Amino acid sequence: MEGTNPVNKKLAAALSGGAVLVLALSGCTSDNGNDKLDAWAKQVCDAVQPQAKKIEAANAAIQKETSDNSTPEQVRKTDAQAFQDMSDAYKAIGDAVQKAGAPDVDNGAKKQTDAVKELDGIAASYTALKSKVDALDIKDQAKFADGLKGIATSLDKLSTSGNDALKTLEAGDVGKAMAKQASCKSASASPAATAS
């Protein structure tokens, strides 16, 4: 069964790139208080924290499959569940940003709308990847490995593109307000940092 493992390693590497996007919520703190913005940041950060944990857990599940000598069936099941969890998490973060309303900054409404659209798009992409994983042929080792390779490539693209609106949302005062929130600080602590 070793055939699947190198490919699943590539999958795990691509996946960890994607999860960074939500966890990039820390920045430098600011003292110029904007109560409205701080309240907005708290609402979003509190909602992001459990979802960031969910994304981390999905990530860890795929990483674990790469270190175990797993069968194609186990890999398919784990990866499909991880993609489903990630899709749900991004959707929930999008809903949280939507519910919080526009942040109290210039162009806040546009930043909010763009970020929600992007988060929903990422959620849809993970749903599509789950469907691809579900459709993989686990009886044919070579076909399975090829299929996983294709998924890893799609994942790579997903993790490197499409988080511009989130970066824009988190820029400037919004990022500073979020950085003050304890829940955003803990959401952005990387799994590696917390493990050491």
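Higher on the page you've got the structure.
This section reports on the structure supplied with the text.

Cut-offs used in this document
Residues numbered from 1 in each chain as written. Predicted model: local features only at pLDDT ≥ 70, side-chain atom pairs only at ≥ 80, totals over all residues. Heavy atoms only, no water. Salt bridge = Lys/Arg side-chain N within 4 Å of Asp/Glu carboxyl O. Helix = DSSP H or I, 4+ residues; strand = E, 2+ residues; numbered from the N terminus. Buried < 20%, exposed > 50% of the residue type's maximum accessible area, 1.4 Å probe, protein only. Expected span 1.5 Å × (residues − 1). Polar contact = N/O pair within 3.5 Å; in protein donor to acceptor, adjacent residues only side chain to side chain. Contact = heavy atoms within 4.5 Å.

### Quick word on the pattern of salt bridges
Now for step 1: Under the counting rule described, the total for this entry stands at 7 salt bridges.
Now for step 2: Between Lys91 and Asp95 there is a salt bridge; the shortest N-O distance is 3.0 Å. Residue Lys91 and its partner Asp95 are both found in helix 3 (residues 72-100); the two are separated by 4 residues, about one turn of the helix.
Now for step 3: Overall, Lys91 belongs to the partly exposed group, its relative accessible area being 37%.
Now for step 4: Put simply, Lys143 and Asp137 hold a salt bridge, and the shortest N to O gap is 4.0 Å.

### A word on helix 3
Residues three or four positions apart in an α-helix share a direction because the helix packs 3.6 residues into each turn.
Now for step 1: For helix 3, with 29 residues, the first-to-last C-alpha span of 42 Å sits near the 42 Å given by 1.5 Å per residue.
Now for step 2: Positioned one or two residues after helix 3, Gly101 has a phi angle of 85°, which is positive.

### Considering the side chain of Gln112
Now for step 1: Mapping Gln112 onto the fold places it in helix 4 (residues 108-134).
Now for step 2: What makes Gln112 buried here is its relative accessible area of 9%.
Now for step 3: Reaching out from Gln112, the side chain makes a polar contact with the backbone oxygen of Val97 at a distance of 3.1 Å.
Now for step 4: In contact with Gln112, other than residues within four places in its own chain, are Val97, Gln98, Gly101, Ala102, Pro103 and Leu169.

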